[in-house]
Amino acid sequence: MAGRTMTEQAFFVLTALVDTPRHGYGIVGEVGDLSDGRVKLKVGTLYGVLDRLVADGLVEPDREEVANGRLRRYYRLTEDGRAALAAEVQRQASNARAASERLRSWRPADTGGLA
């Protein structure tokens, strides 16, 4: 992801993988939980995000297993993924602090008595 802004989808996929490897549907559910339902990943979108994260070395396959006759591929966060997520958390926190400071000092413009 060097030189690119991290998408919200990638941010939540990386966050979903911090504590344990997960398979596709597990990632989809965890992203929904983490984002309070704001980010709804479709399976095709998820695998596009995972392919990019694997290509960037931020995520790697962990293992495969068969469950109910279907192959489940698990993914885990790499050390580079952990570092990229930590950097993105810091970037977002810095942006939020800057916006909060501006909002604290905000005063509505004088409209000359017009509402």
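Just above, that's the structure.
1. Quick notes on the overall build of the protein
- Across its full length, the protein holds four helices and three strands.
- Element order for the protein, N to C, with α for helix and β for strand: α-β-α-α-β-β-α.
- Against the globule reference of 13 Å for 115 residues, the protein gives a C-alpha radius of gyration of 19 Å, more extended than a compact globule.
- Along the longest, intermediate and shortest principal axes, the C-alpha atoms of the protein span 70 × 30 × 20 Å.

2. Focus on the environment of Asp80
- Residue position: Asp80 is located in helix H4 (residues 79–104).
- Once the C-alpha coordinates of Asp80 and Arg38 are considered, the two residues, 42 residues apart in sequence, prove to be 26 Å apart.
- Apart from the residues within four sequence positions on either side, Asp80 is in contact with Gly57 and Leu58.

3. Quick look at the sheet that holds strand S1 (residues 22–23)
- Here we have three strands laid out as an open sheet, ordered S1-S3-S2, and antiparallel in their pairing. Looking along the sheet, the strands with just one partner apiece sit at the ends: S1 and strand S2 (59–67).
- Here S2 pairs with strand S3 (residues 70–77) via eight bridges, running antiparallel. When the sheet's bridge partners are listed, Pro61 is paired in S3 with Tyr75.

4. Notes on the packing of aromatic side chains
- This structure, assessed with the given rule, holds one aromatic pair.
- On the basis of an interplanar angle of 85° and a centroid distance of 5.3 Å, the ring pair of Phe11 and Phe12 is categorised as edge-to-face.
- In this structure Phe11 comes out as buried when scored by relative accessible area, which is 13%.
- In this structure, Arg63 is placed above the aromatic ring of Tyr74, and the distance from its NZ or CZ to the ring centre is 3.9 Å.

5. Details of the nonpolar core
- Core analysis: the biggest nonpolar cluster contains 22 residues, and Val13, Leu14, Ile27, Val31 and Leu53 have the highest contact counts within it.
- Listing elements by their share of this core, those giving two or more residues are helix H1 (8–16), helix H2 (24–34), helix H3 (43–55), S3 and H4.
- By residue number, the principal contributor to this core is H1, which donates six residues.
- Once residues within four sequence positions are removed from consideration, Ile27 is found in contact with Val13, Leu17, Arg22, Leu46, Leu50 and Tyr75.

So, how was this worked out
- Residues numbered from 1 in each chain as written.
- Predicted model: local features only at pLDDT ≥ 70, side-chain atom pairs only at ≥ 80, totals over all residues.
- Heavy atoms only, no water.
- Helix = DSSP H or I, 4+ residues; strand = E, 2+ residues; numbered from the N terminus.
- Rg over C-alpha atoms; globule rule 2.2 N^0.38 Å.
- Contact = heavy atoms within 4.5 Å.
- Pairing = 2+ DSSP bridges.
- Phe/Tyr/Trp six-rings, centres within 6.5 Å; stacked < 30°, edge-to-face > 60°.
- Buried < 20%, exposed > 50% of the residue type's maximum accessible area, 1.4 Å probe, protein only.
- Lys NZ or Arg CZ within 6 Å of the ring centre and 35° of its normal.
- Core = buried A, V, L, I, M, F, W, Y, C linked by side-chain atoms within 4.5 Å.

Treat this as a map of the structure, not an account of what it does.
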